[in-house]
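Remarks on the overall topology
The residues making up each chain are set out below.
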Amino acid sequence: MIYIRSIIFNILFFTITAFFTLLATIALIFPKKASIKISYWWSFTILTLLKYICQITYNVKGQENIPQNQNVIFASKHQSAWETVAYQYILKNCVFMFKKELTFIPLFGLTLLKAGNIVVDRGNATKTTLQKLNTKFNDRLKTRNIIIFPEGTRTKPNTKVKYKSGLSIITQTMQNKWVVPIAINSGLFWPKHGFLKHKGTIEVHILPPIPTGKLSKEQFQEILINEIENEEKIICHSDQYI
């Protein structure tokens with residue numbers, strides 16, 4: 001059944017994504033709110049398909065750790081395409097920081113920009129580029145939350161890679177802001193580059209926030225990595241899916 005479920009889901013996933021991309025393209029002529037709404041409903045639709053076709057659900061723990069009355073930066077582990085879909089529905093009012101190469105995808109790239117997401121050129125990490133990125137972060141935080149994947153790429157569960165230093169550098173110039181780490185185990189159920197979707201419950205653990213402007217770059221980076229990696233060890237077990 002896992003093969004049948006996965007085939008049906010993948011066909012519907014790409015078909016529905018193409019449909020919503022077309023809607024988002026049409027919405028380019030309307031205010032930004034239209035693009036945001038389309039992303040939200042696309043996310044909801046895919047999560048519903050996962051639930052009823054692949055029997056994949058999710059559980060969010062630690063929402064009380066999200067500071068109230070201010071926007072934050074969510075720094076999440078990145079194991080799967082699942083979180084790029086689900087976070088638009090689960091976390092709400094968020095923009096992503098994504099690599100410049102995605103803007104080259106016809107139509108899709110334009111819709112990403114229209115929704116207010118932040119583009120980063122990973123091959124041009126100069127001081128000037130970081131200053132511009134810092135300006136964008138502070139500007140977006142006035143009205144939106146920001147989602148960043150500090151590893152810079154998808155990694156398999158319980159696999160360590162070197163975290164990028166960009167976030168820790170940016171936080172040095174921020175005052176009275178919060179970075180909220182998130183640990184997940186989505187890679188167990190929707191594997192990186194994997195066709196099969198394994199039934200089970202994806203855990204999304206929102207961890208205690210880390211203040212900006214009060215820690216050195218090294219201190220911030222160490223706390224961020226330890227919080228996410230330690231929680232990942234707890235929620236990632238290869239025997240969780242069937």
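For the structure, see preceding data.
Remember, predicted model here, so these are calculated numbers, not experimental data. (Residues numbered from 1 in each chain as written. Predicted model: local features only at pLDDT ≥ 70, side-chain atom pairs only at ≥ 80, totals over all residues. Heavy atoms only, no water.)

Assigned secondary structure in the protein chain consists of 7 helices and 8 strands. Every one of the 242 residues in the protein chain was classed for burial, and the buried ones make up 45%. When contacts within the protein chain are restricted to residue pairs at least 6 apart in sequence, long-range pairs at least 24 apart make up 77% of them. Within the structure as shown, the protein chain displays about 12,400 Å² of accessible surface, and the carbon and sulfur contribution to it stands at 60%. (Helix = DSSP H or I, 4+ residues; strand = E, 2+ residues; numbered from the N terminus. Buried < 20%, exposed > 50% of the residue type's maximum accessible area, 1.4 Å probe, protein only. Contact = heavy atoms within 4.5 Å. Areas by Shrake-Rupley, 256 points an atom, 1.4 Å probe, with all protein chains shown as cover.)

By the element assignment, Thr 155 lies in the loop between β5 (145-148) and α6 (166-170). Within the local environment of Thr 155, its side chain forms a polar contact with the side chain of Glu 151, the two groups lying 3.3 Å apart. Filtering out sequence-adjacent residues up to four positions away, Thr 155 remains in contact with Lys 77, His 78, Gln 79 and Val 161. (Polar contact = N/O pair within 3.5 Å; in protein donor to acceptor, adjacent residues only side chain to side chain.)

Attention now goes to the packing of aromatic side chains. A complete count under the given rule lists 13 aromatic pairs for this structure. Look at Tyr 58 and Trp 82: their rings are 6.0 Å apart centre to centre, the planes differ by 55 degrees, and that puts the pair in the tilted class. Separated by 24 residues along the polypeptide, Tyr 58 in strand β1 (residues 56-61) and Trp 82 in helix α3 (residues 82-90) bring together distant segments of the chain. Using a relative accessible area of 31% as the deciding quantity, one classes Tyr 58 as partly exposed. (Phe/Tyr/Trp six-rings, centres within 6.5 Å; stacked < 30°, edge-to-face > 60°.)

What follows covers the pattern of salt bridges. Taken as a whole and judged by the stated rule, the model has 4 salt bridges. As a salt-bridge pair, Lys 77 and Glu 151 come within 2.7 Å of each other at their nearest N and O atoms. In this pair, Lys 77 is assigned in the loop between β2 (73-76) and α3 and Glu 151 in the loop between β5 and α6, connecting sequence segments 74 residues apart. For the residue pair Lys 77 and Glu 151, the accessibility class agrees, reading buried in each case. Put simply, Lys 77 and Glu 232 hold a salt bridge, and the shortest N to O gap is 3.7 Å. Linking Lys 77 in the loop between β2 and α3 with Glu 232 in helix α7 (residues 217-235), this pair joins segments that are 155 residues apart in sequence. As far as burial versus exposure is concerned, Lys 77 and Glu 232 are alike and both buried. Linked by salt bridges that have partners in common, Lys 77, Glu 151, Glu 229 and Glu 232 make up one network. (Salt bridge = Lys/Arg side-chain N within 4 Å of Asp/Glu carboxyl O.)

Moving on to the environment of Lys 132. Tracing the sequence through the fold places Lys 132 in helix α5 (residues 127-140). Among the residues examined, Lys 132 registers a relative accessible area of 55% and is labelled exposed. Sequence spacing of Lys 132 and Val 120 is 12 residues, and the spatial spacing of their C-alpha atoms is 9.9 Å.

Glancing now at the packing of helix α1 (residues 2-26) against helix α2 (residues 32-54). At a closest axis distance of 10 Å, the pairing of α1 and α2 adopts a crossing angle of 170 degrees. When the axes of α1 and α2 are compared, the pair comes out roughly antiparallel. Counting all contacts with α1, which are made through Arg 5, Ile 8, Phe 9, Leu 12, Phe 13, Ile 16, Thr 17, Phe 20, Leu 23 and Ala 24, the residues of α2 involved are Ile 38, Trp 41, Trp 42, Thr 45, Ile 46, Leu 49, Leu 50, Ile 53 and Cys 54. Its residues placed into classes, the contact of α1 with α2 shows 16 nonpolar, 2 polar and 1 charged. (Axes fitted to C-alpha atoms, helices over the stretch in contact; angles between N-to-C directions. Parallel < 35°, antiparallel > 145°, perpendicular 65-115°, else oblique. Nonpolar A, V, L, I, M, F, W, Y, C, P; charged D, E, K, R; others polar.)

All we've got here are geometric facts, nothing functional implied.
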